[in-house]
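A look at the structure
Each chain, letter by letter, is given below.
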Amino acid sequence: MKFASIFLVVLCCGELAVAASPDRPNVLVFLVDDMGMMDTSVPMLSDRHGNPESHPLNTFYRTPSMERLAAQGTRMSQFYAMSVCSPSRIAIMTGQTSARHHTTTWIRPDMNNRGEFGPENWKWSGIAKMQATLPRLMASAGYRTIHCGKAHFGPNGSAAENPQAIGFDVNIGGSSIGQPGSYYAKQNFGNSGKRNRNGVPGLESYHGGDLYLTEVLTREMNREIEEAVRRDQPFFAYMAHYAVHSPFQADPRFVDNYAGVEPKLAAFASMIQGMDKSLGDILDKLDELGVADHTLVFFVGDNGTDSPRGHQYDVSCSAPLRGKKGTHYEGGMRVPFIASWAKPSPTSPLQNRFPIAQGRMQNDVAAIYDLFPTILAATGIDTETTLDSIDGLNLMPQLAVDAATGQGDSREEREFLMNFPHDHRSSYFTVLRQGDWKLIYHFYPAMNHSDDSAEPPRYQLFNLAADRDESDNLAAQEPGKLKAMLGSMRDALADTGAQLPLAADRSTTLEIINP
């Protein structure tokens, strides 16, 4: 498997060398928790000609701000994250896939949740104190770094419990928790009662009021962006909403739009619409402050949907994709991604230097760890002295369009690797995407519940170009392709130093075996 490395110059004064231009872009990463590929009115999948293709779920959700962003930017139809949250969030911060950074499942704040046969030294502690992270590098380059919302970078008592310890100048509402005790200010966002351990910190001034958490976080982020502009300082704004993670508590501003819908699904849909309103409010604030034309926006989900609609392995909640959050199917790890300038301007020298095609669908395979090198490249941080190996690639060439051909660069054979040596909805597996093919390797077939049978297969091999809903396992029919993919998977796991599950007696680590 081919992986990239990036490099950074560290000057004697301790500052990072950056481009001399005074018009470096601001960056907004808008991260949504548990939002899948189909939880939007924006068509995120493409037809056989590579054009956006609408599906029934796109007519159910209401996301006009996402429509606005997609119209002025580029969306990617095959953008991957890890299947649960902490691994994806740390991938953004480090540029590494979970197999390399070793935080391979979600971090439970108060106890090690490695599972019965999980690796004993998996990185439950999350991001290390002095680890090179995206906000730390950007802060060293002169950016004001703002964290708002869900962190989930490390457990209670760890270095990464507070986002400020990993490079953020400002932390709004972030801690070790992975979900809020409540979305309602009248319930103090979970800081009282039996769910107190999931209370969102630092928002006491709103306690007892009538506001919803998504709106509160949006107000606080806009205030911090305004402060950065007042200081005439470029900013890296990481807007990581707790929405749309459970508990499924309706956003009162929008729930009436879903009258007659099953209550939990109506609540989920209202949370989606509230998140979308947040995106629009921030875009409007950037325009109001006069910085929209030099602010890059990256909209992304952290894993597949956790919509209350349907069984976790069927196609109802992610149709036409199969599965949801925590599973090895496409619905568990393919996520929405849109890149855009907050306000496109054909006369902007900065936008001409880093052009993003408008209204375009890009169909290459890409991954959440690509944000790290993409943002560093776009903000002009030099690359000379070796940093830790990373797996991400700079997406800016793929987001642009060549004037002569009307196409951006393509990486058709890009690989995606996800390693999950733990017990969850889908348990103890590794996934490798290579071209049109996807291999799922199950370390404990009898313990994997992907198809609710007593003895699920060890190997699942799908051709996604012909079988988008992963209904036709070709492992038996394609022995040559299976063998080749298993070899590539072994190489990728070795290259990343991946940790694999323990054997039943816990004395050794399992290995991938041939049919």
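Residues numbered from 1 in each chain as written. Predicted model: local features only at pLDDT ≥ 70, side-chain atom pairs only at ≥ 80, totals over all residues. Heavy atoms only, no water.

Before going further, it helps to examine the packing of aromatic side chains. Inspection of the entire model under this criterion finds 22 aromatic pairs. Pairing Tyr-80 with Phe-416 gives two aromatic rings, centres 4.7 Å apart and planes at 20°, and the pair type is stacked. Taken as a pair, Tyr-80 in strand β5 (residues 73-80) and Phe-416 in strand β13 (residues 415-420) lie far apart in primary sequence, 336 residues in all. As far as the burial class goes, Tyr-80 and Phe-416 line up, both buried. Ring geometry for Phe-168 and Phe-236: centres 6.1 Å apart, planes at 15°, overall stacked. With a gap of 68 residues between them, Phe-168 in the loop between β6 (144-149) and β7 (170-172) and Phe-236 in strand β8 (residues 235-241) connect regions that are remote in the sequence. Connected via pairs of aromatic rings, a cluster forms that spans Phe-60, Tyr-61, Phe-248, Tyr-258 and Phe-268. The cationic tip of Arg-322 hangs over the ring face of Tyr-329; the distance from NZ or CZ to the ring centre is 4.0 Å. (Phe/Tyr/Trp six-rings, centres within 6.5 Å; stacked < 30°, edge-to-face > 60°. Helix = DSSP H or I, 4+ residues; strand = E, 2+ residues; numbered from the N terminus. Buried < 20%, exposed > 50% of the residue type's maximum accessible area, 1.4 Å probe, protein only. Lys NZ or Arg CZ within 6 Å of the ring centre and 35° of its normal.)

Let us now look at the packing of helix α6 (residues 213-230) against helix α7 (residues 263-288). Their axes nearest at 10 Å, the elements α6 and α7 cross at an angle of 15°. Taken together, α6 and α7 sit at an angle that is classed as roughly parallel. Between α6 and α7 lies a crossing whose hand is right-handed. Between α6, through Thr-214, Thr-218, Met-221, Asn-222, Ile-225 and Glu-226, and α7, the contact on the second element is made entirely by Gly-274, Met-275, Ser-278, Asp-281, Ile-282, Lys-285 and Leu-286. (Axes fitted to C-alpha atoms, helices over the stretch in contact; angles between N-to-C directions. Parallel < 35°, antiparallel > 145°, perpendicular 65-115°, else oblique. Left-handed = near helix turned anticlockwise from the far one by under 90°. Contact = heavy atoms within 4.5 Å.)

Once that is clear, we can look at the pairing of strand β15 (residues 437-442). Burial analysis of β15 places six of its six residues in the buried class, the great majority of the element. Side chains of β15 alternate between two faces, with Trp-437, Leu-439 and Tyr-441 and Lys-438, Ile-440 and His-442 buried alike. The sheet contact formed by strand β14 (residues 429-434) and β15 spans six bridges and is antiparallel. By the bridge assignment, Gln-434 is partnered in β15 with Trp-437. (Pairing = 2+ DSSP bridges.)

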